[in-house]
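Chain by chain, the residues run as shown.
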Amino acid sequence: MNSVLVIGSINMDLVVETGQFPAPGETVLGLRFDTYPGGKGANQAVAARRLGAQVAMIGCVGDDAFGQELVGRLNGEGIDTQHVRVAKGIRSGVATITVSQAENSIVVVPGANHQLTPADLHAAAGAFAAADVVLCQLEIPLATVAAAADLAAQHGKPFLLNPAPATQLPQTLLARVAMLTPNEHELATVFSNAPGAWQAQLVKYRQRIVMTRGADGAWFADADGRLRQQTAFRVTAIDTTGAGDTFNGALAAFWGLEQAELVRRACAASALSVTRAGAQGGMPTGEALTAFLAAAAPATAAAGG
Ligand code: RIB
């Protein structure tokens, strides 16, 4: 099992469940309110750890009660937090999340996550040396993401990038990425493509992009440039928050497996993650994933191309 270094955001998720999303200017009554640990970086770290990887995290929280609780939760999962910095006088990142019929809408206030600098990464160079694989997202400053990619390259470690929330990415950064994991919208944003033109990008960056597509599963192009689809696993969804993060955590945990099997495991882990409330609530252990896969039908479909 891999040693995974995650560089990314750590948020407290403030979650409201409601029967319907409010329209602009409308007030609706909610059904429930809860707080859950979240943030794309922390979620991906927890996903990889639950699946059995050794995980270290580089991040930044504020010197508030949320920050203390969030670091405590990461420690409780068995994640190495020695490189999670506490920024003085800054609030921890929060996400306000509205969940309705298993769908969500999210507003993130980055807070301390935007205090994570390239200097923090250089101070943690030993963590790059110790990792088998480095995993990052875009809820921290882009300069820090670029520094993470550079350090991963200097240490000869594969750099996996989940480009969420999406922004256009420079070629210099893309050139460093061993695997990019956008959804369809993020892919269009990263490459400034017309939406819907994803097939050509998958073929161009064959074996270096896996695109998630919700109920349509995940897509990638194999070494011969053939498009392949891993169909989605059917489950009863309670809360889809963190499904993409579970996918990414699983990719990092199982990195090194043949690509179709890697994507199959990531899709299965992601499916299990939506069966409980909270971004991290449904993330499976390695044993739960193995049992789920044993009971599920195999399949990576060749899709022509
Ligand atoms: O991907 C889900 C995550 O996005 C949430 O946990 C929230 O904190 C936001 O970062």
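Since this is a predicted model, take the numbers as computed values, not measurements.

Draft legend 1. Seen up close, the packing of helix 9 (residues 243-253) against helix 10 (residues 259-273). Two elements in contact, helix 9 and helix 10, have axes separated by 8 Å at closest approach and are oriented at 145°. Of the two elements, helix 9 crosses helix 10, and the hand of that crossing is right-handed. For the pair helix 9 and helix 10, the contacting residues are A243, T246, F247, A250 and L251 in the first and L262, V263, A266, C267, A269, S270 and S273 in the second. Class assignment of the residues belonging to the contact of helix 9 with helix 10 gives a composition of 9 nonpolar, 3 polar and no charged.

Draft legend 2. Spotlight on the site of the ligand. Every one of the 13 residues lining the ligand counts as a neighbour, but D13, G39, K40, E139 and D245 are closest to it. In this structure, G39 approaches the ligand through a main-chain N or O atom, which is 2.9 Å from an oxygen atom. Between the ligand and the protein, one listed contact pairs an oxygen atom with a side-chain N or O atom of K40 at 2.8 Å. Protein contacts shield 96% of the accessible area of the ligand, which totals 280 Å² for the unbound molecule.

Draft legend 3. Broad picture of the side chain of Q259. For Q259, the location among the structural elements is in helix 10. Not counting the four nearest positions on each side in its chain, Q259 is found in contact with M179, Q207, V210 and F220.

Criteria and cut-off values
Residues numbered from 1 in each chain as written. Predicted model: local features only at pLDDT ≥ 70, side-chain atom pairs only at ≥ 80, totals over all residues. Heavy atoms only, no water. Axes fitted to C-alpha atoms, helices over the stretch in contact; angles between N-to-C directions. Helix = DSSP H or I, 4+ residues; strand = E, 2+ residues; numbered from the N terminus. Left-handed = near helix turned anticlockwise from the far one by under 90°. Contact = heavy atoms within 4.5 Å. Nonpolar A, V, L, I, M, F, W, Y, C, P; charged D, E, K, R; others polar. Near = heavy atom within 4 Å. Polar contact = N/O pair within 3.5 Å; in protein donor to acceptor, adjacent residues only side chain to side chain. Areas by Shrake-Rupley, 256 points an atom, 1.4 Å probe, with all protein chains shown as cover.

So yeah, pure geometry; function would need other evidence.
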